[in-house]
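Analysis of the macromolecular model
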Amino acid sequence: MSGDETKHEVFTITEATEGRNTNKKRCIFEKFVQPCLTELFGTSLFVFVGCASVIGNVGTVGVIQPAVAHGLALGVLIMVFGQISGGHFNPAVSLMAFLCGGMELPLLVPYIVAQMVGGMAGAGLTKAIYPTDMYAASLGGAFGVSPNALAETTLAEVIMTTFLTTVVCMGAINARTRSPWAAFCIGLTVTANIFAGATISGGCMNPARAFGPAVAANHWSHHWIYWVGPISGALVTVSFIRLMFGDQKTRLLLK
């Protein structure tokens with residue numbers, strides 16, 4: 001073998017090795033890092049729009065503005081980011097997705113952390129742009145709960161989150177019922193739930209949406225409801241999907 005041929009072979013092997021290393025790094029980034037960054041960024045935008053719509057609705061009769069703003073923002077974000085991270089932007093949705101086989105365990109905790117940080121960022125941006133009096137009058141978009149209606153408020157969050165996570169699972173995760181209209185349906189579900197439950201619980205359905213403005217406004221009154229309610233709703237959905245409505249791969253019984 002000539003010297004030129006040897007040099008050519010070494011160069012080719014080196015190129016192939018570098019290509020494999022680059023592909024491995026890209027795979028790690030696209031599988032783990034990029035989805036978490038997407039969840040952080042998307043959640044911050046969703047919480048910003050949600051809090052801003054609540055602040056802007058102070059003094060107005062009805063909940064049209066918050067309902068439409070939350071639903072539109074979530075639908076658009078799922079449409080543009082869904083292929084990267086799944087478009088969860090909600091710890092309750094991530095928990096449901098994992099338990100129904102829609103995401104891997106190593107991503108669950110990083111997703112939830114990213115969503116919580118995104119919630120704080122979005123709420124912080126809202127606080128930065130609104131006058132202090134407007135911000136204080138609406139608690140910065142945080143949720144206020146009547147001490148005499150804790151059970152009713154929690155139950156409302158359970159029911160609304162069950163509705164939302166069922167639509168997410170059946171529209172975007174379950175192979176048999178998956179639909180290209182999932183983002184649109186999920187956004188409409190959020191809008192419908194806020195119309196239905198805003199006067200009872202605020203129509204949260206999302207611990208990150210509650211946590212962000214709670215931190216920014218330092219408002220923690222009965223904050224636990226917005227964790228217990230949505231997580232319980234997600235678990236109800238998991239029970240329904242795993243036992244009754246899931247496809248053959250997802251169901252635990254009667255396969």
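Provided above is the structure to which this section pertains.
Cut-offs used in this document
- Residues numbered from 1 in each chain as written.
- Predicted model: local features only at pLDDT ≥ 70, side-chain atom pairs only at ≥ 80, totals over all residues.
- Heavy atoms only, no water.
- Helix = DSSP H or I, 4+ residues; strand = E, 2+ residues; numbered from the N terminus.
- Contact = heavy atoms within 4.5 Å.
- Phe/Tyr/Trp six-rings, centres within 6.5 Å; stacked < 30°, edge-to-face > 60°.
- Buried < 20%, exposed > 50% of the residue type's maximum accessible area, 1.4 Å probe, protein only.
- Axes fitted to C-alpha atoms, helices over the stretch in contact; angles between N-to-C directions.
- Parallel < 35°, antiparallel > 145°, perpendicular 65-115°, else oblique.
- Left-handed = near helix turned anticlockwise from the far one by under 90°.
- Nonpolar A, V, L, I, M, F, W, Y, C, P; charged D, E, K, R; others polar.
- Expected span 1.5 Å × (residues − 1).
- Core = buried A, V, L, I, M, F, W, Y, C linked by side-chain atoms within 4.5 Å.
- 1 Å grid on protein atoms, 1.4 Å probe; cavity = no way out; pocket = protein on both sides within 12 Å on 5 of 7 lines; lining within 4 Å.
- Points joined across faces, edges and corners; volume = space filled by probe spheres on them.
- Salt bridge = Lys/Arg side-chain N within 4 Å of Asp/Glu carboxyl O.

Digging into the environment of Gly-56
Relative to the elements of secondary structure, Gly-56 occurs in helix H1 (residues 3-56). In sequence terms Gly-56 and Ala-182 are 126 residues apart; their C-alpha atoms lie 28 Å from each other. Once residues within four sequence positions are removed from consideration, Gly-56 is found in contact with Gln-65 and Tyr-130.

Topic: the packing of aromatic side chains
As enumerated under the stated definition, the model contains five aromatic pairs in all. Measuring from ring centre to ring centre gives 6.0 Å for Phe-41 and Phe-81, while their planes differ by 85°; the resulting arrangement is edge-to-face. Separated by 40 residues along the polypeptide, Phe-41 in helix H1 and Phe-81 in helix H2 (residues 64-85) bring together distant segments of the chain. You can call Phe-41 partly exposed: its relative accessible area is 44%. Its relative accessible area of 17% is what places Phe-81 among the buried residues. Pairing Trp-181 with Phe-184 gives two aromatic rings, centres 5.9 Å apart and planes at 70°, and the pair type is edge-to-face.

Brief notes about the environment of Met-244
Relative to the assigned elements, Met-244 resides in helix H9 (residues 225-245). When its relative accessible area of 48% is taken as the criterion, Met-244 is described as partly exposed. Along the sequence, Met-244 and Ile-84 sit 160 residues apart, while their C-alpha atoms lie 29 Å from each other. Ignoring any residue separated from it by four or fewer positions in sequence, one finds Met-244 in contact with Ser-239 and Arg-251.

Topic: the packing of helix H4 (residues 105-129) against helix H8 (residues 207-217)
At a closest axis distance of 7 Å, the pairing of H4 and H8 adopts a crossing angle of 50°. As judged from the angle between their axes, H4 and H8 are oblique. When the axes of H4 and H8 are compared, the crossing they make is right-handed. Residue-level inspection shows Gln-115, Met-116, Gly-119, Met-120, Ala-123, Gly-124 and Lys-127 of H4 in contact with H8, the latter providing Pro-207, Ala-208, Phe-211, Gly-212, Pro-213, Val-215 and Ala-216. Classifying every residue of the contact of H4 with H8 by side-chain character gives nine nonpolar, four polar and one charged.

Some points on H4
Given a rise of 1.5 Å per residue, 25 residues ought to cover 36 Å, and the 37 Å separating the end C-alpha atoms of H4 matches this to within 8%. Where H4 is concerned, the buried positions are Leu-107, Leu-108, Tyr-111, Ala-114, Gln-115, Met-116, Gly-118, Gly-119, Gly-122, Ala-123 and Thr-126.

What to know about the nonpolar core
The biggest cluster of nonpolar side chains holds 41 residues, and the ones touching the most others in it are Leu-74, Met-96 and Ile-186. Those elements that place two or more of their residues in this core are H1, H2, helix H3 (91-99), H4, helix H6 (150-173), helix H7 (182-197) and H9. When residues in this core are grouped by element, the largest group, eight residues, is from H6. In this view, Leu-74 contacts Phe-46, Phe-89, Ile-186 and Val-190; residues no more than four positions away in its chain are not counted.

Looking at the layout of surface pockets
The computed volume of the largest pocket comes to approximately 940 Å³. Together, 48 residues line the largest pocket, and Gly-82, Gly-86, His-88, Ala-172 and Ile-173 are the ones closest to its centre. Elements that contribute at least two residues to the lining of the largest pocket include exactly H1, H2, H3, H4, H6 and H7. Per-class residue counts for the lining of the largest pocket are 26 nonpolar, 16 polar and six charged. Forming the walls of the second largest pocket are 23 residues, and the residues nearest its centre are Val-54, Ala-142, Phe-143, Ala-198 and Gly-202.

Some details on unusual backbone geometry
Of note in the backbone geometry, Leu-139 takes a positive phi value of approximately 60° without being a glycine. Its place among the elements puts Leu-139 in the loop between helix H5 (132-137) and H6. The exposure class assigned to Leu-139 is partly exposed, which follows from its relative accessible area of 33%. Positive phi is not limited to glycine here, since Met-205 has a value of about 65°. Here Met-205 shows up in the loop between H7 and H8.

What about the pattern of salt bridges?
If the charged atoms of two oppositely charged side chains come close together, the side chains can form a pair. Applying the stated criterion across every chain yields a total of one salt bridge. As a salt-bridge pair, Lys-31 and Glu-104 come within 4.0 Å of each other at their nearest N and O atoms. Pair noted here: Lys-31 is in helix H1 and Glu-104 is in the loop between H3 and H4, with a separation of 73 residues, a long-range link. Residue class for Lys-31 comes out partly exposed when judged on its relative accessible area of 38%. Residue classification places Glu-104 among the partly exposed residues on the basis of a relative accessible area of 40%.

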